Amino acid sequence: MAVTMSDDEFDGLVSDALDTIPSELTGAMNNVVILVEPHNPEEPDILGLYQGVALTLRDHDYGGFLPDTITIYRDPILAMCHSRDEVVHEVAVTVMHEIAHHFGIDDAWLHANGWG
């Protein structure tokens, strides 16, 4: 059974997950915003999405770009979880997974190391 949670409570879990990221990493994040949306209209089952130019791919020509976006999708996370604790865990994993993409880490590495 899916977990029911207010938008504000879910947003708070995303904030809590961001607070656990070491300051060395958050300080290195550049030109990125984090959003929470109900679901992705094109892929409604994905939990999160990074869109932008990873830090490892930016060179001297990088400039004038809109901020990268990391979007966390509330509805599919709530639908797959059976308890608040599971939601907390999935939000944390999803936030870390998408931030890792900002740093140029691919899905294969993330899945192999428990962040899939």
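Everything numeric in this text was worked out from a predicted model, so none of it was measured. (Residues numbered from 1 in each chain as written. Predicted model: local features only at pLDDT ≥ 70, side-chain atom pairs only at ≥ 80, totals over all residues. Heavy atoms only, no water.)

A word on the sheet that holds strand S1 (residues 32–37)
- Taken in spatial order, the three strands make up an open sheet running S1-S3-S2, and their pairing is mixed. The outermost strands of the open sheet, each flanked by one partner alone, are S1 and strand S2 (48–51). Shown here is a sheet whose adjacent strand axes are inclined to one another by a mean of 15 degrees, direction ignored.
- Strand contacts of helix H1 (residues 7–19): S1 and strand S3 (68–73), with the helix running at about 150 degrees to S1, the strand carrying the most contacts. (Pairing = 2+ DSSP bridges. Helix = DSSP H or I, 4+ residues; strand = E, 2+ residues; numbered from the N terminus. Axes fitted to C-alpha atoms, helices over the stretch in contact; angles between N-to-C directions. Contact = heavy atoms within 4.5 Å.)

Details of the packing of H1 against helix H4 (residues 84–102)
- Direction vectors running N to C along H1 and H4 enclose 55 degrees, while the axes themselves pass 9 Å from each other. As judged from the angle between their axes, H1 and H4 are oblique. Along this stretch, H1 crosses H4, giving a crossing that reads as right-handed. Residue-level inspection shows Glu9, Phe10, Leu13, Val14, Ala17 and Leu18 of H1 in contact with H4, the latter providing Arg84, Val87, Val88, Val91, Ala92, Val95 and Ile99. (Parallel < 35°, antiparallel > 145°, perpendicular 65-115°, else oblique. Left-handed = near helix turned anticlockwise from the far one by under 90°.)

What about H1?
- Taking 1.5 Å of rise per residue, 13 residues should cover 18 Å, and H1 covers 18 Å from first to last C-alpha, within 8% of that figure.
- Among all positions of H1, only Phe10, Leu13, Val14 and Ala17 are buried. Around the axis of H1, the buried residues are gathered within 100 degrees of arc, so they sit on the same side. The exposed set on the far side of H1, more than 90 degrees from its buried face, consists of Asp8 and Asp19.
- Packing partners of the buried residues in H1 comprise S1, S3, helix H3 (74–80) and H4. (Expected span 1.5 Å × (residues − 1). Buried < 20%, exposed > 50% of the residue type's maximum accessible area, 1.4 Å probe, protein only. Arc of directions from axis to C-beta.)

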